[in-house]
Amino acid sequence: MGIVDLINNIKNEYTLKTRKSQQLYNELINYTPYGVHSNWRIWDPYPLFMSRAKGSHIWDVDGNEYVDFCMAFGALATGHAHPVLIDEITSFIGNGTVYGFETEYSVKLSKVLTDRFSMDMVRFSNTGGEATELAVRLARAYTSRKYILKFEGHYHGSRDTLLVGLKPIPAKAGHPKEPRSAPASWGLPEDIYRTVLVAQWNDEESVERVFSKYGDEIAGVILEPIAMNMGFIPPKKGFLDFLRKITNEYGSVLIFDEVKTSGKFYGGAEEYFGVKPDIKVVSKAIGGGFPFSAVLGKRDIMELIGPNRVAHGGTFNSNPLSVYATYVTLTKILTRDSMAKAAVLSEEIAKAASDILKDNKVPAYVSYAGLSGGVYLTRKDVELRNWRDFVNYVNLDAMYVYLTSMVTKGVIPQCMAPDEQWTVSVQHTKDDVDKLIEGLKHVVSLLKQVGVGEVFKIEEAF
Ligand SMILES: Cc1ncc(COP(=O)(O)O)c(C=O)c1O
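Now for the packing of aromatic side chains. With the rule as written, the count across this model stands at 20 aromatic pairs. Centroid distance phenylalanine 92 to tyrosine 324: 4.2 Å. Interplanar angle 10 degrees. Geometry classified as stacked. You can see phenylalanine 92 sitting in helix 4 (residues 83-93) and its partner tyrosine 324 sitting in helix 13 (residues 320-333), a full 232 residues away along the chain. Relative to phenylalanine 239, the ring of tryptophan 201 has its centre 5.2 Å away and its plane inclined at 90 degrees; by these criteria the two rings are edge-to-face. Taken together, the residues span a long stretch of sequence, with tryptophan 201 in the loop between strand 8 (196-199) and helix 9 (204-214) and phenylalanine 239 in helix 10 (residues 239-250) at a distance of 38 residues. Since its relative accessible area comes to 0%, tryptophan 201 is described here as buried. Ring-pair connections join several aromatic residues into one group, and the members of that group are Phe92, Tyr105, Tyr324 and Tyr327.

Counted under the stated rule, the structure contains one disulfide. A disulfide bridge connects cysteine 70 with cysteine 415, and the sulfur atoms are separated by 2.2 Å. Taking the sign of the torsion about the S-S bond as the criterion, the disulfide between cysteine 70 and cysteine 415, at about 95 degrees, is right-handed. Placement of the pair is cysteine 70 in the loop between strand 3 (65-68) and helix 3 (71-74) and cysteine 415 in the loop between strand 15 (411-412) and strand 16 (422-423), with a sequence separation of 345 residues. With respect to burial, cysteine 70 and cysteine 415 carry one shared label: buried.

A separate point is the pairing of strand 3. By the bridge criterion, three bridges tie strand 2 (residues 57-60) to strand 3 in an arrangement that is antiparallel. Within strand 3, the position partnered with tryptophan 59 by the bridge is glutamate 65. Between strand 2 and strand 3, which pair antiparallel and follow one another directly, the connecting turn spans four residues, one of which, glycine 63, has a positive phi of 90 degrees.

On to the nonpolar core, then. Core analysis: the biggest nonpolar cluster contains 112 residues, and Leu113, Val207, Leu377 and Tyr402 have the highest contact counts within it. Split by domain, the residues of this core number at least three in each of domain 1 (3-77 + 335-461) and domain 2 (83-333). If near-sequence neighbours (up to four positions away) are discounted, leucine 377 is found in contact with Leu357, Val362, Pro363, Ala364, Tyr393, Val394, Asn395, Ala398, Met399, Tyr402 and Leu447.

Structurally, the protein chain comprises domain 1 (3-77 + 335-461) and domain 2 (83-333). Computed from C-alpha coordinates alone, the two centres of domain 1 and domain 2 are separated by 26 Å. On the domain 2 side, the residues contacting the 34 residues of domain 1 number 39 residues. Between domain 1 and domain 2 the total buried area reaches about 2800 Å² when both faces are included, carbon and sulfur atoms providing 58% of it. Summed over the shared surface of domain 1 and domain 2, the number is four salt bridges. The partner of glutamate 420 in a salt bridge is lysine 260, and the shortest N-O contact between them spans 3.2 Å. There are 21 residue pairs in polar contact (both at pLDDT 80 or more) connecting domain 1 and domain 2. Top element by residues in the side of domain 1 that touches domain 2 is helix 15 (residues 387-393). It accounts for five residues.

Calculation notes
Residues numbered from 1 in each chain as written. Predicted model: local features only at pLDDT ≥ 70, side-chain atom pairs only at ≥ 80, totals over all residues. Heavy atoms only, no water. Phe/Tyr/Trp six-rings, centres within 6.5 Å; stacked < 30°, edge-to-face > 60°. Helix = DSSP H or I, 4+ residues; strand = E, 2+ residues; numbered from the N terminus. Buried < 20%, exposed > 50% of the residue type's maximum accessible area, 1.4 Å probe, protein only. Disulfide = S-S within 2.5 Å. Pairing = 2+ DSSP bridges. Core = buried A, V, L, I, M, F, W, Y, C linked by side-chain atoms within 4.5 Å. Domains from an automatic or database assignment. Contact = heavy atoms within 4.5 Å. Buried area = accessible area lost by both parts, 1.4 Å probe. Salt bridge = Lys/Arg side-chain N within 4 Å of Asp/Glu carboxyl O. Polar contact = N/O pair within 3.5 Å; in protein donor to acceptor, adjacent residues only side chain to side chain.

Structure representation (structure tokens):
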């Protein structure tokens, strides 16, 4: 049996277990492109349709139960339906859902956020994409400059502003040291995507090249402090310090997109890496599953927001439900202690997975920090440092086998995309971790049957 037969067998198994998902998908594609409301949810032959979730588990419409380590693409470090949050929100919702006015909790949450993430001021929105867009607008207003520098493979939301250099195929992406400003969507005007310059993650020379050409015109540099949309690729030692230094030198604003990291470490990336940006964007897990995002920044930057100044508005901004849910999540659920315990489980997954893959000579890159990490099956044993490494070395067939086969065994080991990761919530248990590890052992035995480990040996011989 080769890998294609293995993939077909797994697809069959998946289809047999998930008939109702298939039916719903077949109906939905008549109304909705690809049968999903976010492109990130597309899966072959179709994605699962879910019906309910509790704690670390989720159930699909066919009644199959899964241990869930995707946790809504990292939006749930609380786990599903956390009892404290459900209790609080249930009594709160009777007061109404949206007012168009601020509340007492706007004040309380502003204090919690500015304190926890060490910034002077804050503005609330609902999604990560809205907030990164505001961050970039602020950087441009503050510097009166045009260009934003981002990193290839980093994702900052599905907005025109930053849909550039996202997952380009290398043939169209330019030289690795000087990536092109490749648009990541149809429908983007050239005038917009040309305002976003792209550098290679973890490559100081690449950043220096862009600064030496455009330095005085670069309003800001935006980045995911750990790249979590091209696998799980931390900055190499000293790289964030280097970015802090070069942005200071050129007077550009340094923006940390902490949509993911803000819920993976208690104090976010600044606490973990010890580097202070000028603006931070926080979202996802801090909202406990409710749509909430915020831009935090230094006072002189944030005070640019206002009528006839930097625009920022939104009907659902600071809606009482999201604000209260975020307040409860941060003060009662994602405590330093509970997050430290979840991080221990995350480390256990990474260590056990690494050992199993190494012992069986299945090439892979395993990486983790805080509540997250990922297993990336590769063509040979390499450390992934940037997007080019990801496209060159990750074995997408093996990743498909890993993710889909685990699902048929009742575990969603990380989100259903080869470049995603796991989130260990404060409700996951050692039992859940053991199930993931058992599933991985099974996948390794399948991959060995089709010779994935053998390919590794042959490549090494050459
Ligand atoms: C780092 C990062 N920034 C921004 C976003 C966009 O957030 P949203 O989907 O809430 O707009 C995401 C979403 O995955 C993300 O991972």
